[in-house]
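Letter by letter, the chains look like this.
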Amino acid sequence: MDIEKVDQIIDKHNSEASSLIQVMLEIQSENRWLPRQTLERISEKLEVPLSRIQHIATFYKAFSLIPKGRHEVHICMGTACHVRGARNVLTAVEDYTGIKPGETDLDLKFSLETVNCLGCCALGPVMEVDGRIHGKISPAETAEALKKYE
Amino acid sequence: MSKILLKIDGKEIEAEEGMTVLEAAQGEGIEIPTLCHHQKLEPYGGCRICTVEAEKNGRSKLVVSCVYPVEKDLEVTTRSEKIDRVRRTILELLLSHAPDSDQLRKLAEEYGANKDRFEKEPSFCIHCGLCVRYCAEVKGKFAVGFINRGSRREINFIPDLAATECWNCKECFPLCPTSALQAAYMFTEAQVSETPVFDADSK
Ligand code: SF4
Ligand code: FES
């Protein structure tokens, strides 16, 4: 992400320190991760110490300090999904993508994460891709669903 | 500033409004153990070792003395079977992380804490935040901070700042209740590695 784009986002928030998390969220969603230079720039412009930004960036799961894939796959491991076979869904997705939860593939196509409840237990087991819910999914159907993503 | 009258361990004490129970006690030479408290720093209330019993209108509760403000007619007890039990458990938990800390061991002896009660998980840092807060509040440098959260929380030096600011300061090292080693270790790591946090597993 070029520094001008970062500056634009910061300026939009009037360089206010109180907008720190908003700025970080916007950059995260544009860029899919927060490179070091970006954090340094934010620190400089918002006048917030880098150590504090680091604390926040490592505290919330919404932020990533390593590049993320173009598509974020979340497998729900909550109780309802769990009893309906979420584990097998996860294994199938791991097999298809070749990555484990917390990882991103080499082509930066998918990032995989497990989550603890997406709030739609009646649809379990649930796989969420880029915010889109794939409900009542069987392990075999996951590959079919993921194939559609470029 | 208005004066506030309260009792600590049966002793009548005149404190000033806005003072904490700990400050009032210390002013009278009454000892309460602390781990995360430092005179020059804002109250933090991170370790809970300074827990005392406070009674008002016949009701007693456990409060954290380093953050609890003095109140009129409060009756504070700084040592009792109940308090000892709380401190003992806190120490046993902390000792599983920092088994070799002199400060913790001394307290453990005093409160009869069993240092082997919980499985050892030596992370050394007990998250008291003294180093982090001292660097921020007293030195204004913010060279060391926390990263991650929960049980995975640890301190981390910003490499560039560590290289320029820390060599001539190192004032946070002796503050560490687990030994100066934790800070020293992380500091060295920041020196040798270009990007400690940024390529670490930050999940
Ligand atoms: S390194 Fe030491 S001083 Fe710093 S937070 Fe951990 S225990 Fe406290
Ligand atoms: S000294 Fe009061 S909580 Fe640590």
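A quick note: this is a predicted structure, and the numbers were derived from the prediction, not measured.

Looking only at helices and strands, one finds seven helices and four strands in chain A. Based on the C-alpha atoms only, the size of chain A along its principal axes is roughly 50 × 30 × 25 Å. Residues counted as buried form 46% of the 150 residues belonging to chain A. By sequence separation, contacts in chain A at least 24 residues apart represent 58% of the contacts at least 6 residues apart. Accessible surface for chain A amounts to roughly 7700 Å². Of this, 50% is attributable to carbon and sulfur atoms. Distance from the positive charge centre (18 side chains) to the negative charge centre (22 side chains) of chain A: 6 Å.

On to the packing of aromatic side chains. Here the structure, examined in full by the defined rule, presents two aromatic pairs over all chains. Note on Phe59 of chain A and Tyr60 of chain A: the rings are 5.0 Å apart at their centroids and 70° apart in plane angle, and the pair reads as edge-to-face. Tyr60 of chain A sits in the partly exposed class, given a relative accessible area of 40%. Taking the centre distance of 6.3 Å and the plane angle of 75° together, the rings of Tyr60 of chain A and Phe63 of chain A count as edge-to-face. Residue classification places Phe63 of chain A among the buried positions, given a relative accessible area of 4%. Here the aromatic residues Phe59, Tyr60 and Phe63 of chain A are joined through ring pairs into a cluster of three or more. Its guanidinium or amino end placed over the ring of Phe146 of chain B, Arg153 of chain B lies 4.1 Å from that ring's centre, counting from NZ or CZ.

Attention now moves to the pattern of salt bridges. Applying the stated criterion to the full structure yields 24 salt bridges over all chains. As a salt-bridge pair, Lys45 of chain A and Asp11 of chain A come within 3.6 Å of each other at their nearest N and O atoms. One end of the pair, Lys45 of chain A, is in helix H3 (residues 36–46); the other, Asp11 of chain A, is in helix H1 (residues 3–12), with 34 residues separating them in the sequence. Relative accessible area serves as the criterion here: at 42%, Asp11 of chain A is assigned to the partly exposed category. Salt-bridge contacts for Arg79 of chain B lead to Glu110 of chain B; the nearest nitrogen and oxygen are separated by 2.9 Å. With Arg79 of chain B in the loop between strand E5 (75–77) and helix H2 (81–97) and Glu110 of chain B in helix H3 (residues 102–111), this residue pair connects regions lying 31 residues apart in the sequence. Given a relative accessible area of 47%, Glu110 of chain B falls into the partly exposed group. Three or more residues are tied together by salt bridges with common partners; here these are Asp7, Arg41 and Glu44 of chain A.

About the criteria used
- Residues numbered from 1 in each chain as written.
- Chains lettered and ligands numbered in written order.
- Predicted model: local features only at pLDDT ≥ 70, side-chain atom pairs only at ≥ 80, totals over all residues.
- Heavy atoms only, no water.
- Helix = DSSP H or I, 4+ residues; strand = E, 2+ residues; numbered from the N terminus.
- Buried < 20%, exposed > 50% of the residue type's maximum accessible area, 1.4 Å probe, protein only.
- Contact = heavy atoms within 4.5 Å.
- Areas by Shrake-Rupley, 256 points an atom, 1.4 Å probe, with all protein chains shown as cover.
- Lys, Arg positive; Asp, Glu negative; His and termini not counted.
- Charge placed at Lys NZ, Arg CZ, Asp CG, Glu CD.
- Phe/Tyr/Trp six-rings, centres within 6.5 Å; stacked < 30°, edge-to-face > 60°.
- Lys NZ or Arg CZ within 6 Å of the ring centre and 35° of its normal.
- Salt bridge = Lys/Arg side-chain N within 4 Å of Asp/Glu carboxyl O.

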